[in-house]
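Overview (structure and organization)
The residues making up each chain are set out below.
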Amino acid sequence: MIAVVCPWNAPFLLMTWKVGPALACGNTVVVKPSEETPLSATLLGEVMNTVGVPPGVYNVVHGFGPGAAGEFLTRHDGVDAITFTGETRTGTAIMKAAAVGIRDVSFELGGKNAGIVFADADFDAAVDGIFRSAFMNTGQVCLGTERVYVERPLFDRFVQALKLRCEAVKFGRPSDPGANYGPLISQEHRRKVLSYYERAVAEGATVVTGGGVPPMPAELADGAWVQPTLWTGLPETASVVREEIFGPCCHVRPFDSEDEVVVLANANRYGLSTTLWTRDLARAHRVAAAIEVGITWVNSWFLRDLRTAFGGSKQSGIGREGGVHSLEFYTDLRNVCIKL
Ligand code: NAD
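The residue count restarts for each chain, going from 1 along the sequence in the order it is written. In view of the model being predicted, local features appear only for residues whose pLDDT reaches at least 70, and side-chain atom pairs are presented and counted only at 80 or more, with totals across whole chains, interfaces and linings using the full set of residues. Side-chain measures were taken over the full set of non-hydrogen atoms in the model, leaving aside hydrogen atoms and water.

- UniProt positions are given in the numbering used here, feature names are shortened, and annotations may be inferred rather than shown by experiment. As its UniProt record puts it under Sequence similarities (unreviewed entry), the protein is described as follows: "Belongs to the aldehyde dehydrogenase family."

Printed below as a string of structure tokens:
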């Protein structure tokens, strides 16, 4: 039996990336969705029941993580392996639980991903791509860009273009056809993101745009709204440049050479993904080979064929999902040797 522990930021997508291959390989699963987003895992169970999946194959337990359903599930001795997507700190706790009984783990964890824009990039495509990668889903994407490095000749123009995109978002409900920007998942998460907004200022950032809460009409005032935020001028040692914030914000810094930007991009404990913008394919290959991440997108972001390897290096994960990589985790390779 496989324990599937999932986060809230893309709850159905991230759960099914695990449940699909696990069931296809003949396992049963117990899914523990995030306490913030319990509905889609339950709904999938209802669908499984109506299409005749046998009882006990797809199971769901709800609850919180530490000292509750998440921890009890990962400690349970009926669990053969644990697949987890979420924060690196939670991954550490789950790894300790998995150590008892020597259970396998597959981890997709946090990121502090770099976006790198070379001077030869298609400018508009790069602005568009970096904007999407930093601000989609209100910045609550593990693959999101929170550190942007722009080659110096483009820097000022790039920051201005990104600023205009941030200032053009329309906050509102998904049902409002004029809106294209939503709130964060919860007030608790907003407190965390706003604490980083304050810290950036305390650490000496230039706030190019945002940095606070947008004015909202009274009927929406309870939402966890935050402004898309751009910073410049911070050293790499600043906490908002080093730590995963998981909000709609990024720091933009100029660079002067390929070697310099590779060092900057690698100087982080995470290693999930990178997005590179250049017209020079030889350079794209060189930089992609030098950057310590699981996934590099060139002139694109979050393009995913489910057969390709998905996962992170360093403290961003253990193992890869997708295609044969999922087969390796959800099966157990055996050597049967017959003397003839
Ligand atoms: P989280 O780690 O707080 O929670 C994820 C899940 O783990 C939840 O279901 C939670 O209840 C459970 N959990 C928490 N503590 C536990 C414990 N001690 N034992 C067992 N289960 C426990 O993460 P989150 O806030 O839901 O999601 C955001 C994080 O997920 C970010 O760090 C983000 O980068 C990461 N993430 C990574 C990927 C990826 O593919 N690498 C994808 C999406 C999100």
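1. Brief notes about helix α11 (residues 323–330)
- Partly exposed residues are those whose accessible area sits between 20% and 50% of the maximum for their type, while under 20% is buried and over 50% is exposed, using a 1.4 Å probe and protein chains only. Segments assigned H or I by DSSP are reported as helices when at least four residues long, segments assigned E as strands when at least two residues long, and all are numbered from the N terminus. Within α11, the full set of buried residues consists of Ser-326, Phe-329 and Tyr-330. Buried positions in α11, seen along its axis, are confined to an arc of 85° and lie on one side of it.
- In this structure, the buried residues of α11 make contact with β1 (2–5), α1 (11–24), β4 (81–85) and β5 (104–108). Directions drawn from the helix axis to the C-beta atoms are what define this arc. A contact between two residues is defined here by any heavy atoms of the two lying within 4.5 Å.

2. Remarks on the nonpolar core
- As used here, the term nonpolar core means buried Ala, Val, Leu, Ile, Met, Phe, Trp, Tyr and Cys residues forming a set that is joined through side-chain atoms within 4.5 Å. Among the nonpolar cores identified, the biggest contains 25 residues, and Val-117, Phe-135, Val-150, Phe-158, Leu-162, Leu-230 and Val-252 are the most heavily contacted of them.
- For this core, the secondary structure elements donating two or more residues are α5 (123–135), β7 (145–151), α6 (155–167) and β10 (249–255).
- Sorting elements by how many residues they give to this core places α5 first, with seven residues.
- Beyond its immediate chain neighbours, meaning those up to four positions away, Phe-135 contacts Cys-166, Tyr-181, Pro-228, Thr-229, Leu-230, Pro-248, Cys-249 and Cys-250.

3. With respect to the packing of aromatic side chains
- Aromatic pairs are defined between Phe, Tyr and Trp rings, using the six-membered ring for Trp, whenever the two ring centres lie within 6.5 Å; interplanar angles under 30 degrees are classed as stacked, those over 60 as edge-to-face, and all others as tilted. Inspection of every chain in the model, using the stated rule, returns twelve aromatic pairs.
- Ring geometry for Phe-329 versus Tyr-330: centroids 5.0 Å apart, planes at 80°, classification edge-to-face.
- Each residue in the set Phe-171, Tyr-181 and Trp-225 is aromatic and connected to the rest through ring pairs, giving one cluster.
- Distance and angle both matter: a charge sits over a ring if NZ of Lys or CZ of Arg is within 6 Å of the ring centre and within 35 degrees of the ring normal. A cation over an aromatic ring shows up here: Arg-283 above the ring of Phe-118, its NZ or CZ 4.0 Å from the ring centre.
- In this structure, Arg-304 is placed above the aromatic ring of Trp-17, and the distance from its NZ or CZ to the ring centre is 4.5 Å.

4. Describing the site of the ligand
- Any residue with at least one heavy atom within 4 Å of a molecule or strand is counted as near it. Contacts to the ligand come from 30 residues, most closely from Lys-32, Glu-35, Thr-90, Leu-109 and Glu-244.
- N or O atoms within 3.5 Å of each other form a polar contact, as long as, within protein, one can give a hydrogen and the other can take it, and as long as residues adjacent in sequence are counted only when both atoms are side-chain atoms. One nitrogen or oxygen atom from the main chain of Gly-65 is found 3.5 Å from an oxygen atom belonging to the ligand.
- Contact between the ligand and Glu-87: an oxygen atom at 2.9 Å from a main-chain N or O atom of the residue.
- When isolated, the ligand has an accessible area of 850 Å², and the protein chains bury 92% of it.
- Residue assignment for the shell around the ligand shows that the elements contributing at least two residues are α3 (69–75), β4 and α4 (88–99).
- Residue contributions to the shell around the ligand peak at three residues, all from α4. Each accessible area is a Shrake-Rupley estimate made with a 1.4 Å probe; only the visible protein chains count as cover when residues are assessed.

5. Focus: the side chain of Arg-190
- By the element assignment, Arg-190 lies in helix α7 (residues 187–202).
- Counting rule applied: Lys, Arg positive; Asp, Glu negative; His and chain ends not counted. By definition, a salt bridge exists where a carboxyl oxygen of Asp or Glu is found within 4 Å of a side-chain nitrogen of Lys or Arg. One buried charged residue, Arg-190, remains without a salt bridge, the closest side chain of opposite sign being Asp-222 at 7.7 Å.
- In this structure Arg-190 touches Leu-184, Val-213, Gly-223, Ala-224, Trp-225 and Val-226, once residues within four positions along its chain are discounted.

6. Examining the pattern of salt bridges
- By the definition in use, this model includes 14 salt bridges.
- Note that Glu-35 is salt-bridged to Lys-32, the shortest N-O span being 3.4 Å.
- As a salt-bridge pair, Lys-163 and Glu-167 come within 3.4 Å of each other at their nearest N and O atoms. Placement of both Lys-163 and Glu-167 in helix α6 is noted, with a separation of four residues, approximately one turn of the helix.

7. Remarks on the pairing of strand β6 (residues 113–117)
- Burial analysis of β6 places five of its five residues in the buried class, which makes it a mostly covered element.
- DSSP bridges decide pairing: two strands pair if at least two such bridges lie between them. Strand direction decides the pairing type here: β6 and β7, joined by five bridges, are parallel. Of the residues in β7, the one forming a bridge with Ala-114 is Arg-147.
- Sheet analysis places β6 next to strand β12 (residues 273–277), joined by four bridges and oriented parallel. Bridged to Ala-114 within β12 is Thr-274.

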